[in-house]
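Summary of structural features
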Amino acid sequence: MTGVILAGVIGALFALGTFLLLRRDLIRVVWGLAIISQAANVYLLAMGGVAEGTAETVPVLEGHGHEVHVPMAVADPLVQALVLTAIVIGFGMTAFALVLSYRVYEEHGTLDVSKLGDRE
């Protein structure tokens, strides 16, 4: 059941990002790109999965739990590190795109993408 909800949330984020990408306002296009990148990050985290950790897969668990064997749930740290890096890079790119949008507004007086394309 949780997987279905997570898939719905990821699908809704991709749909919202795509909807915003198709708008005429440049700021909405930038936010659409940001939402799609975050949806991709959530998707990657969801696909990383959680598995039962044993002493063979997680060396830190060696020597723990000999009295009562309780399997521990662990997630792949590589996926988490990659998504954390993607979040930081995505934040920087979003800030840069918003600054560029502000500069376009100062130069041309509009953020309408169709009007910006008509200029020579």
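Residues numbered from 1 in each chain as written. Predicted model: local features only at pLDDT ≥ 70, side-chain atom pairs only at ≥ 80, totals over all residues. Heavy atoms only, no water.

An unreviewed UniProt entry lists the protein under the name Cation:proton antiporter, with Natronobacterium lacisalsi AJ5 as the source organism.

**Quick word on the pattern of salt bridges**
Filter applied, for reference: Any Lys or Arg side-chain nitrogen located within 4 Å of an Asp or Glu carboxyl oxygen qualifies as a salt bridge. A run of DSSP states H or I qualifies as a helix once it reaches four residues; a run of E qualifies as a strand once it reaches two. Both are numbered from the N-terminal end. Any residue under 20% of the maximum accessible area for its type is buried, any over 50% is exposed, and the rest in between are partly exposed; the area is computed with a 1.4 Å probe on protein chains only.
The full count for this structure, using the stated rule, is three salt bridges. Measuring nitrogen to oxygen at the nearest pair gives 2.8 Å for the salt bridge that ties Arg24 to Asp112. Of this pair, Arg24 sits in the loop between α1 (2-21) and α2 (26-48) while Asp112 sits in the loop between α3 (77-108) and α4 (113-118), placing them 88 residues apart in sequence. What makes Asp112 buried here is its relative accessible area of 14%. Connected via shared salt-bridge partners are Arg103, Glu106 and Glu107.

**Digging into the environment of Ala40**
Of note, Ala40 is situated in helix α2. On the accessibility criterion, Ala40 (28% relative accessible area) is partly exposed. Taking the C-alpha atoms as reference points, Ala40 and Phe14, 26 residues apart in sequence, are found 8.1 Å from one another.

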